[in-house]
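# Descriptive structure summary
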Amino acid sequence: MKNIDTLCVHGARDVHNTTGAIATPIYQSATFFHPGLEQSTGFDYSRLQNPTRQVLEKTVATLESGLDAMAFSSGMAAMSTLIELFSPGDHLIASGDLYGGSVRLLNYVAKKNGITVDYLHTGDIHSLKHSICSSTKAIFVETPSNPMMQVTDIAAVSKITKDRGILLIVDNTFLTPCFQRPLELGADVVLHSGTKYLGGHNDTLAGFLVINSQELSEKLRFLYKTIGACLAPFDCFLIERGIKTLALRMQRIQESALKIAEWLSRREWVSTVHYVGLPSHPDYEISCRQASGFGGMISFTVDSAETARRILSGMRTIFYAESLGGVESLITYPILQTHADVPEETRTALGITDRLLRLSVGIEAAEDLIADLEEAIR
Ligand SMILES: *Cc1c(COP(=O)(O)O)cnc(C)c1O
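Here goes a summary of the coordinates provided. Along every chain, residues carry numbers that run from 1 in the direction the sequence is written. Side-chain atom pairs in this predicted model are given and counted only at pLDDT of 80 or more, local residue features only at pLDDT of at least 70, and totals for whole chains, interfaces and linings cover all residues. As a rule here, side-chain values cover all heavy atoms of the structure and leave hydrogens and water aside.

## Remarks on the pairing of strand 5 (residues 167–171)
- Exposure categories follow from relative accessible area, calculated using a 1.4 Å probe and restricted to protein chains: below 20% of the type maximum is buried, above 50% is exposed, and the middle band is partly exposed. Every helix listed is a DSSP run of H or I at least four residues long, and every strand listed is a run of E at least two residues long, numbered separately from the N terminus. The buried fraction of strand 5 amounts to five of the five residues, a majority that puts the element mostly inside the structure.
- Because side chains alternate across strand 5, one face comprises the buried residues Leu167, Ile169 and Asp171, and the other comprises Leu168 and Val170, equally buried.
- Bridge analysis of strand 4 (residues 136–142) against strand 5 gives five bridges, and the strand direction is parallel. Among the inter-strand pairings, valine 141 is bridged to a residue of strand 5, identified as valine 170.
- Between strand 4 and its parallel partner strand 5, the chain crosses via helix 6 (residues 154–164), and the hand of that crossover is right-handed.
- As judged from the three bridges shared by strand 5 and strand 6 (residues 189–193), these two strands associate in the parallel manner. Within strand 6, the position partnered with aspartate 171 by the bridge is leucine 191. Two strands form a pair only when DSSP identifies at least two bridges running between them. Crossovers are marked right-handed if the path from the first strand over the helix to the second runs clockwise, as seen with the strands pointing away from the viewer.

## Some words on the environment of aspartate 171
- Counting through the fold element by element, aspartate 171 comes out in strand 5.
- Contacts are residue-level and defined by heavy atoms, with any inter-residue pair within 4.5 Å sufficient. Leaving out residues up to four positions away in the same chain, aspartate 171 has contacts with Phe140, Val141, Glu142, Thr143 and Leu191.
- Under this definition, polar contacts are N or O atom pairs within 3.5 Å; protein pairs additionally need one hydrogen-donor-capable and one acceptor-capable atom, and for neighbouring residues in sequence, both atoms have to be side-chain atoms. Only 2.6 Å separates the side chain of aspartate 171 from the side chain of threonine 173, close enough to count as a polar contact.

## Concerning the nonpolar core
- Here, nonpolar core means buried Ala, Val, Leu, Ile, Met, Phe, Trp, Tyr and Cys residues that are tied together by side-chain atoms lying within 4.5 Å of each other. Residues Leu264, Ile298, Phe300 and Ile311 are the most contacted members of the largest nonpolar core, which totals 64 residues.
- Here the element with the most residues in this core is helix 10 (residues 246–265); it accounts for nine residues.
- Looking at which domains feed residues into this core, each of domain 1 (4–243) and domain 2 (250–377) gives three or more.
- In this structure, Met79, Phe86, Ala138 and Leu191 belong to the second largest nonpolar core, which totals 31 residues. Domain extents, as shown, originate in an automatic or database domain assignment.

## Side note on helix 9 (residues 233–243)
- Three or more residues of helix 9 are buried, namely Pro233, Cys236, Phe237, Ile239, Glu240, Gly242 and Ile243.
- On its buried face, helix 9 sits against helix 1 (4–10), helix 2 (51–63), strand 7 (207–211) and helix 10.

## Topic: helix 10
- With 20 residues, helix 10 should cover 28 Å at 1.5 Å per step; its first-to-last C-alpha distance of 28 Å lies within 8% of that length.
- Among all positions of helix 10, only Leu246, Ala247, Arg249, Met250, Ile253, Gln254, Ser256, Ala257, Ile260, Ala261, Trp263 and Leu264 are buried. By definition here, a helix of n residues has an expected span of 1.5 Å times n minus one.

## Quick notes on the packing of helix 12 (residues 305–314) against helix 14 (residues 366–377)
- Axis lines are fitted to C-alpha atoms, over the contacting stretch for helices. Their N-to-C directions set the angle, which ranges from 0 to 180 degrees. Remark: helix 12 packs on helix 14, axes separated minimally by 8 Å, with the N-to-C direction vectors making an angle of 120°. Taken as axis vectors, helix 12 and helix 14 run oblique relative to one another. With respect to the hand of their crossing, helix 12 and helix 14 are arranged in right-handed fashion. Residues Thr307, Arg310, Ile311 and Gly314 of helix 12 lie in contact with helix 14, whose contacting residues are Asp372, Leu373, Ala376 and Ile377.
- Class assignment for the residues of the contact of helix 12 with helix 14 results in four nonpolar, two polar and two charged. If an angle is under 35 degrees, it is roughly parallel; if it is over 145, roughly antiparallel; if it lies from 65 to 115, roughly perpendicular; otherwise it is oblique. By convention, the crossing between two helices is left-handed when the near helix turns anticlockwise from the far helix through less than a right angle, and right-handed when the turn is clockwise. When residues are sorted by character, Ala, Val, Leu, Ile, Met, Phe, Trp, Tyr, Cys and Pro go into the nonpolar class, Asp, Glu, Lys and Arg into the charged class, and all the rest, Gly among them, into the polar class.

## A closer look at the sheet that holds strand 7
- Ordered in space as 1-7-6-5-4-2-3, the seven strands form an open sheet in which the pairing is mixed. Two strands lie at the open edges of the sheet, namely strand 1 (68–72) and strand 3 (116–120), each paired on one side alone. Going from strand to strand, the sheet's axes swing by 20° on average, the running direction of each strand aside.
- Each of strand 1, strand 5, strand 6 and strand 7 touches helix 8 (residues 214–227); the most contacted strand, strand 1, lies at about 20° to it.

## Focus: the site of the ligand
- Any residue with at least one heavy atom within 4 Å of a molecule or strand is counted as near it. In the vicinity of the ligand, the residues found are Ser74, Gly75, Met76, Tyr99, Glu142, Asp171, Thr173, Ser193, Thr195, Lys196, Ala206 and Leu324.
- Here an oxygen atom of the ligand and a side-chain polar atom of serine 193 are 2.8 Å apart.
- The protein chains shown are the only cover counted for residues, whose accessible areas, like all others here, come from Shrake-Rupley with a 1.4 Å probe. In the complex, 94% of the free accessible area of the ligand, which totals 380 Å², lies under the protein chains.
- Its residues assigned to classes, the shell around the ligand shows four nonpolar, five polar and three charged.

Everything listed here is a matter of coordinates, which is why it stays silent on function.
Spelled out as structure tokens, the structure:
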């Protein structure tokens, strides 16, 4: 396999394009005519397949070492489709610290449809083993988790899921295939919010499911064409274009994130820094083993809610905004934004308080980002 830096730039090729165009054409067509009776060009209707989307899907499948990838209109659209694999009476186990929208989907949609969910720290292999029952169908892991940066040993969990014949689903949004490839570690499904690092420019929503089994691919392709939450051709073009610089952006973002995390660790108004790239992080060793990088997400707890509010109102370069993974640095207040719908007792137990801030480091100069934080606190 080529180096991932090269794969990001070259991706898959559009075999239908004979013009020599370097950029993938945007096939803005809802439907495709048939060359003859019972014949097909391979494309019939864009909810099922579209040439621009096919190039993007093959690129993402290659990056994640998958057999097939499906591009959705958002990360939540990908997850909603995935959840349709399960039936009333099925039981799921999910990381306790999960993207807020995923918790909302599991608690208010999946549960209503008769699926039960237990949340626990999936990094705790012992309690994970004991929570599996005869109706458990899948373990859903986010690693590093959002926003507390808890790490789960993917290979260790996959040993358990393979043993029990259940699915291991990993949300790989935070580290991207540049730094972590869960399918290679034994996961069955990789989920992405392509809105974040893959797209990388805070301009498009997208989601992905990547799998490496033919059987699962067929099941999910059936749901994909039936539910219809597919990604539009122009958005496919934008995400593919974003992926070309993914490796470059991830390197820069990670370098800056480490500098900022170290700087934060030395401030007296910061009580804790959660960044998986700091050797002081409790799961630093697992991260080094299963990932080739630490990404650009940092959470930190400050000394008071007042300090948190002062930072949020004082930012000039870093935007106070939801989302992450783009070229622009964004700061989030999880308690009021991404995790507002997570039950309060869950939030408190995890440490999602009014003193917790989450920073998505962008590609600006690290010194300017540090200066922005410093001035806000003054
Ligand atoms: C944003 C996000 C999602 C949801 O994706 P959307 O594209 O916003 O629908 C899922 N998981 C994680 C980790 C995310 O950050």
